[in-house]
Amino acid sequence: MTVRIGVPTEVSPGEKRVALVPEVVQHLTKAGVEVVVEAGAGAASRYPDAAYTAAGAQVLSDRSQVFGTSAVVLKVQPPNPEEIAQMKPGTVVVALMNASRNLDGVAKMRDAKLVAFALELLPRITRAQSMDVLSSQATVAGYRCVLIGASLCPKFLPMLTTAAGTIRPSKVLVLGAGVAGLMAIATAKRLGAIVEAYDVRRAAGEQVRSLGAKFLELQINAEGSGGYARELTDDEKKQEQAMLAKAVGEADVIITTAAIPGRKAPLLVRKEMVATMRPGAVLVDLAAESGGNCELTKPGENVVLDGVTIAGPLNLPSQLPFHASQMYSKNLESFLTLLITKEHGLVTDYSDEILAASLLVSNGAVTHKPTADLLAKGAT
Ligand code: NAD
């Protein structure tokens, strides 16, 4: 039986991405999948309805039909209560579910008997690399935050030799050299800055140096499980603060991206350190959404204090929606190869390691244990 996939317009404030771009729709329709797209779904990311039609999709102006008649609904943001109510029991919905901070939504999907896959739960194993939306969207965020820093900074980033004199290159400091941080380093290098970076995982040093940046190193290796960082001990935090104080005071642009899975972002730049920053210096805090790496960050705002700007941008991937959607969409295309097969159509056996790990809700139950535990605590 032909499987119907629905792609609605994202309605969360500020969300400009779309789950599928026409190129991927074409691959799916060629493979025999039916795709319905809400009219205007790609408009904010510059994919017109006509391109979806040309790719073989049916463009529907009735939003409730997209939700109500599709076996699989693909989204970027978690479905809101109205969207959940429009889906039939058994509908498979795939999105970034933000599970631990969206318990109410998870409970509603459970009660509506949907099958929900949370893309942020995909295991970071080699086979899942092509589906890894956290990496693709962090790549976009890492690029974008350097552009924000450069545009807020009153200086050039590159060295210039001109008839009007020589300009010294700016110094960019990147704290946290994971996926976003490495992209930030590469972008700042391309703009000609002198780049320094710091991470608590020793393995990050080699990657930082291979991009031509200097690695600031503490004599610790805080690599925890799954290649992620663990939280530092109090003593390690003191060493970290002492080392960072100097680098922070000398930087023109600071990009902070440090995160520890499932925890509040580590506090790296305290207000006393901001006070040592040069007038005109800029800090862009990519961790603004999860508590901030800087004590003075206000999510969604640019704070200016004594000439220093602290930017706390939210949903950075949405600020580059064309390519963020393209990458997200390719990730979904890869994920769908597990969910829809030539042999079985829409798969109902979720025992595959990748499906099992990302399955959040199924058969009226929350299948992801940490989220189920959180829900039980709140008794939602
Ligand atoms: P993340 O977003 O969880 O964290 C960002 C960075 O912050 C990490 O590099 C972390 O080490 C760092 N950090 C944490 N506490 C810090 C502190 N106090 N000071 C400075 N830095 C701190 O991480 P991520 O970008 O999603 O990736 C983390 C790791 O996972 C990397 O090793 C990456 O290569 C790996 N990864 C693997 C795959 C895969 O195999 N499929 C995919 C993506 C990422």
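Residues numbered from 1 in each chain as written. Predicted model: local features only at pLDDT ≥ 70, side-chain atom pairs only at ≥ 80, totals over all residues. Heavy atoms only, no water.

**Student:** Hey, could you run me through the overall build of the protein chain in this one?
**Tutor:** Helix and strand counts for the protein chain come out as 13 helices and 19 strands. Taking 21 Å as the expected radius of gyration for a compact globule of 380 residues, we find that the protein chain reaches 22 Å, a close match to that expectation. For the C-alpha atoms alone, the extent of the protein chain along its principal axes is close to 65 × 50 × 35 Å. With 380 residues in all, the protein chain has 51% of them scored as buried. The contacts in the protein chain between residues at least 6 apart in sequence include a share of 63% that link residues at least 24 apart. Carbon and sulfur atoms provide 55% of the accessible area of the protein chain, an area that totals close to 17,100 Å². (Helix = DSSP H or I, 4+ residues; strand = E, 2+ residues; numbered from the N terminus. Rg over C-alpha atoms; globule rule 2.2 N^0.38 Å. Buried < 20%, exposed > 50% of the residue type's maximum accessible area, 1.4 Å probe, protein only. Contact = heavy atoms within 4.5 Å. Areas by Shrake-Rupley, 256 points an atom, 1.4 Å probe, with all protein chains shown as cover.)

**Student:** Would you mind going over the packing of aromatic side chains with me for this structure?
**Tutor:** Note on aromatic pairs: each is described by the distance of the centres and the angle between the planes. Taken as a whole, this structure holds three aromatic pairs when the rule is applied. When the ring of Phe-117 is compared with that of Phe-335, the centres are 5.6 Å apart and the planes differ by 70°; the resulting orientation is edge-to-face. Highlighted residues: Phe-117 in strand β6 (residues 115-118) and Phe-335 in helix α11 (residues 321-339), separated in sequence by 218 residues. A relative accessible area of 0% places Phe-117 in the buried class. A residue is classified by how much of its surface remains accessible, and Phe-335, at 1% relative accessible area, is buried. Judged by centre distance (5.3 Å) and plane angle (90°), the ring pair of Phe-117 and Tyr-350 falls under edge-to-face. Of this pair, Phe-117 sits in strand β6 while Tyr-350 is found in the loop between β17 (345-346) and α12 (353-358), placing the two residues 233 residues apart along the sequence. Here the aromatic cluster, defined as three or more aromatic residues joined through ring pairs, consists of Phe-117, Phe-335 and Tyr-350. (Phe/Tyr/Trp six-rings, centres within 6.5 Å; stacked < 30°, edge-to-face > 60°.)

**Student:** Please explain empty space enclosed by the protein as it appears in this structure.
**Tutor:** Sizing a probe to match a water molecule and rolling it over the atoms shows the empty space that remains. Enumeration over the complete set of coordinates arrives at two cavities of 30 Å³ or more. Empty space within the largest cavity amounts to approximately 40 Å³. Along its surface, the largest cavity is lined by Tyr-198, Asp-199, Val-200, Arg-201, Arg-202, Phe-215, Leu-216, Glu-217, Leu-218 and Ile-220. For the lining of the largest cavity, the residue count by class is six nonpolar, no polar and four charged. When its volume is computed, the second largest cavity comes out at roughly 30 Å³. Around the second largest cavity sit Lys-171, Val-172, Leu-173, Glu-196, Ala-247, Glu-250 and Ala-251, which together line it. Contributions of two or more residues to the lining of the second largest cavity are made by β9 (171-175) and α9 (234-250). Counting residues per element, the lining of the second largest cavity draws most heavily on β9, at three residues. (1 Å grid on protein atoms, 1.4 Å probe; cavity = no way out; pocket = protein on both sides within 12 Å on 5 of 7 lines; lining within 4 Å. Points joined across faces, edges and corners; volume = space filled by probe spheres on them. Nonpolar A, V, L, I, M, F, W, Y, C, P; charged D, E, K, R; others polar.)

**Student:** Would you take a moment to explain unusual backbone geometry for this structure?
**Tutor:** Leave glycine aside and you will find that most residues have negative phi; peptide bonds, for their part, are mostly trans. Located in the positive-phi region is Lys-113, a residue other than glycine, with phi close to 60°. The topology assignment puts Lys-113 in the loop between α5 (103-111) and β6. Judged by its relative accessible area of 48%, Lys-113 is partly exposed. Here Asp-306, not a glycine, exhibits a phi torsion of approximately 50°, which is positive. Structurally, Asp-306 can be placed in the loop between β14 (302-305) and β15 (308-311).

**Student:** Just to check I follow, could you spell out the nonpolar core for this structure?
**Tutor:** One recurring pattern in soluble globular proteins is that nonpolar side chains are buried together. Among the nonpolar cores identified, the biggest contains 42 residues, and Ile-5, Leu-20, Phe-117, Phe-335 and Leu-339 are the most heavily contacted of them. Every element with two or more residues in this core is listed here: β1 (4-7), α1 (22-30), β2 (34-38), β4 (72-74), β5 (92-95), β6, α11 and α12. Here this core takes six residues from α11, the largest share from any one element. Dropping the residues within four chain positions of it, Phe-117 is found in contact with Val-92, Val-93, Val-94, Ala-95, Met-97, Phe-335, Leu-339, Tyr-350, Leu-355, Ser-358, Leu-359 and Leu-360. One finds Ala-229, Leu-268, Val-274 and Ala-281 within the second-largest nonpolar core, a separate group that totals 28 residues. (Core = buried A, V, L, I, M, F, W, Y, C linked by side-chain atoms within 4.5 Å.)

**Student:** Even after reading the chapter, I still don't get the state of the cysteines, so can you show me in this structure?
**Tutor:** Cysteine pairs can be covalently joined through their sulfur atoms, and such a bond is termed a disulfide. Counted under the stated rule, the structure contains zero disulfides. No disulfide involves Cys-145; its nearest neighbouring cysteine sulfur is the one of Cys-153, lying 14 Å away. Here Cys-294 stays free of any disulfide, with the sulfur of Cys-145 as its closest cysteine sulfur at 14 Å. (Disulfide = S-S within 2.5 Å.)

**Student:** For this particular structure, what's the right way to read the environment of Pro-8?
**Tutor:** Mapped onto the fold, Pro-8 is located in the loop between β1 and α1. A relative accessible area of 1% places Pro-8 in the buried class. A sequence separation of 67 residues divides Pro-8 from Lys-75, and the C-alpha atoms of the two residues are 7.0 Å apart. Those residues within four positions of Pro-8 in sequence are excluded, and the remaining contacts are Glu-38, Ala-41, Arg-63, Val-66, Phe-67, Val-73, Leu-74 and Lys-75.

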